[in-house]
Amino acid sequence: MKGTPKSVRPPVAPLHPADATLPLSIALVQPNLHSLDDYLLEIADPESPNYGKLWTPEKVVETFRPSKESVDVVHPWLTTDGIHPQRIQISENGAFVRENVSIAEAERLLETEYFTRTTLAKRPAAGVKRRAGLKESFKQITLDCVRQHYGFDYNIVTGAQNTVGVMELGREHYNGNDLDVFFKSYAPDQVGDRPRLMDPPTSFSQPSTSNTAKTLRALAGMTFVYASGGDGVSAFSDQCLSSNGTVVSSGDGGNRFFPNFPGSCPYLTAVDATEIKPDASISPSYILHNLNQAAEFTFAGKSPVGWINPALYASTFANIFNDITDGNNPGCGTQGFTASPGWDPVTGLGTMNFPRMLSRSMTLP
């Protein structure tokens, strides 16, 4: 846990018993990774003649399937260290060597030591209350406020073909009670509804949280949107970097910006929120971004957009965003970046105007 701020450092203890079983997956070296950006831009850049021509999952797997030589390197290493060959399996896509091992075996193989981490207490879900009228929007945002700010008046025509998934990362955990708090205020008939829970898919040959995995899934048409959390130029719980690169809290001398993962990954779209000032002039789409854009972007007769960033920065989508020119994102003992006319590091492209985006999207192949 070296480098973790004391305020967020969880207690740890040795993992026992030593004969407890762990699933161990070893990712193999894959070919063609050096061409990932080229493959992706070819189908994600509206200027490309192959825009929207998504890869099938089968093509993704076969293009990046590790060679037999990679397997032949890992297999003997495991067997000579005491792992019986019958316990060793190759994943369906050929990207992983997998085996169930004891804690003692894992520590010997990897020359490391395993620990458990106690679960941090979860913050109780806060009640959600309705507030009517745009004049109250600066106090608390409601669904009606968001719809009006975005100009989001749209009947989904391909909803059955869209799937939205939410991934747990770090200290963010699914809590069904949170859904019920929301449903009670906005969709009472859905109280008790629960999403389908599943393990992160690995069919595209990479651990699901890696940058490479996001790229591979984007080839097949997946769009990744990440809510960056509003931590400014610091990371979770005011984590910053010290002068020697160690992760510390800003109060402990952290004065260098700490890019937040996975928001710093170029293969997803990072979104955040914009504050509405009291008595300000409010026009449609003032709230930053529409987190449903991943689902809403599959229009009638159009293919999924997959990696959306090249399209957002293309000439096709010029001038569809509302520029934010006031504000900053403080952190790490600084005022962070300051909003200014045009693109800037704190507000990015600005806030989305859905009617404009819909109109421009219909011109894409």
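Rules and cut-offs
- Residues numbered from 1 in each chain as written.
- Predicted model: local features only at pLDDT ≥ 70, side-chain atom pairs only at ≥ 80, totals over all residues.
- Heavy atoms only, no water.
- Phe/Tyr/Trp six-rings, centres within 6.5 Å; stacked < 30°, edge-to-face > 60°.
- Helix = DSSP H or I, 4+ residues; strand = E, 2+ residues; numbered from the N terminus.
- Buried < 20%, exposed > 50% of the residue type's maximum accessible area, 1.4 Å probe, protein only.
- Polar contact = N/O pair within 3.5 Å; in protein donor to acceptor, adjacent residues only side chain to side chain.
- Contact = heavy atoms within 4.5 Å.
- Pairing = 2+ DSSP bridges.
- Axes fitted to C-alpha atoms, helices over the stretch in contact; angles between N-to-C directions.

Asker: Please set out the packing of aromatic side chains residue by residue, giving values where relevant.
Answerer: Within this structure, the stated rule accounts for seven aromatic pairs. Seen in terms of ring centroids, Tyr39 and Trp55 are 5.0 Å apart; in terms of plane orientation they differ by 50°. Their pairing is tilted. Of the two residues, Tyr39 is situated in helix α1 (residues 36–44) and Trp55 in the loop between α1 and α2 (57–63); the sequence distance between them amounts to 16 residues. The exposure class assigned to Trp55 is buried, which follows from its relative accessible area of 9%. Aromatic pair Trp55 and Phe64: ring centres 6.4 Å apart, planes at 20°, arrangement stacked.

Asker: Pulling in residues and values, what's your account of the side chain of Asn309?
Answerer: Among the secondary structure elements, Asn309 is positioned in helix α9 (residues 309–312). At a separation of 3.2 Å, a polar atom in the side chain of Asn309 contacts the main-chain carbonyl oxygen of Pro266. Not counting the four nearest positions on each side in its chain, Asn309 is found in contact with Pro266, Leu268 and Thr269.

Asker: Account for the sheet that holds strand β4 (residues 96–102), naming residues and giving values.
Answerer: What links the strands of a sheet is backbone hydrogen bonding, and the strands pair in either a parallel or an antiparallel sense. Pairing within the open sheet is antiparallel, and its three strands lie in the order β2-β4-β3. Two strands bound the open sheet, and with one partner strand each, they are β2 (21–27) and β3 (89–90). Docked against the sheet, helix α4 (residues 103–110) engages β2 and β4, running at close to 125° with respect to β4.

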